[in-house]
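Breakdown of the fold
Here are the chains, one letter per residue:
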Amino acid sequence: MNLRPLLFSLSLLALPTATTFAQTAPRQLNTQPTLPDSAVRQHQQQRQTALPAPPPNTTRYAVGLKNGQVYRAYDVIVKQPVFGRSYLLLDDGQRFDLDQVRYYEDETGFYVRTTLPKSKRETTLRRDRVGRISLYSITRTQYSNSPYGYSSYGGFGRFGGYGYGYPYGGYQTVKTEYFSKDNGPIEDLSLRNLSVATSDLPASRALLDQARSYQRITTLSYVAAAGVVAAGIFSTFNSNESGAARISPLVYAGLPLLIVPLVLQGKQQRNIKQAISLYNRAQ
């Protein structure tokens, strides 16, 4: 029996089914799936705003002793016990009394151990600026009766801040500044001392001379304001005793004189900073 015609007929019947399966079968993709545009933009933005990696050993600090030895540590902690001497504690357990230390670093900055002008006791100063004229400061908490939080008016080198007890006075943080020229002795940061230190640069000296004029005007404004306000208060008491209760106009006249020093002190500070920066850049 010849089976060829029968097999040919069966193959014709199966052909549509195979074709249909080929059409309905899922297509295999050769490409990787793509992210939405919003996700791509967000990823690029995160890469742009990411902080750069810090260089190695950024947490390694130096401690220099008076005998010339230098130690390095990843942690330097200042210990100030209630009883006993203050000391530095390094991460490996080493301990040095502050009397042995010439300078040290920690996470808050660079500090030196030195004696202040007109003093025989050592203290710790923070170095705020480096240059031919380097700036140093010390911050203390002290009690003041002033409700304004300033230790002095019209001066330079001493700044105050509001503390506990405002507006009736109380404990306040006071920052006192010093400077050193060419790593020499520590000096008070005053206009007179700075003028002498920068005398070899006329541009800096001119800025300090202008700052000195601001200081004179500030002092005169405070004196004038105090005199006018005192006269106004005296006049107010006299008028109240006579039966006419009113505040003397002199009290109000003295208030503008108190505003002038606030403006001039800002200009004075800018002149001093510019004089120091100019001197350090010129040398």
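Counted by the stated rule, this structure contains three aromatic pairs. Plain terms: the ring middles of Y103 and F110 are 5.5 Å apart, the flat faces sit at 20 degrees to each other, and that makes the pair stacked. Pair check on accessibility: Y103 and F110 agree, each one buried. Consider the rings of Y104 and Y111, whose centres lie 5.2 Å apart with planes at 15 degrees: the pair is stacked. Residue Y104 is classed as buried on the basis of its relative accessible area of 4%. Take Y111: its relative accessible area is 14%, and that puts it in the buried class. The ring of Y87 is capped by R95, whose NZ or CZ atom sits 3.7 Å from the centre of that ring.

What the rule picks out here adds up to eight salt bridges. Of the charged contacts in the structure, one is a salt bridge between D182 and R132, with a shortest N-O distance of 2.7 Å. Taken as a pair, D182 in the loop between β11 (170-181) and β12 (187-188) and R132 in the loop between β8 (122-129) and β9 (133-144) lie far apart in primary sequence, 50 residues in all. For D182, a relative accessible area of 43% gives the class partly exposed.

This part covers unusual backbone geometry. Phi is positive for K118, which is not a glycine, with a value near 60 degrees. For K118, the position within the fold is in the loop between β7 (109-115) and β8. Although it is not a glycine, D182 adopts a positive phi angle of roughly 55 degrees.

Definitions and cut-offs
Residues numbered from 1 in each chain as written. Predicted model: local features only at pLDDT ≥ 70, side-chain atom pairs only at ≥ 80, totals over all residues. Heavy atoms only, no water. Phe/Tyr/Trp six-rings, centres within 6.5 Å; stacked < 30°, edge-to-face > 60°. Buried < 20%, exposed > 50% of the residue type's maximum accessible area, 1.4 Å probe, protein only. Lys NZ or Arg CZ within 6 Å of the ring centre and 35° of its normal. Salt bridge = Lys/Arg side-chain N within 4 Å of Asp/Glu carboxyl O. Helix = DSSP H or I, 4+ residues; strand = E, 2+ residues; numbered from the N terminus.

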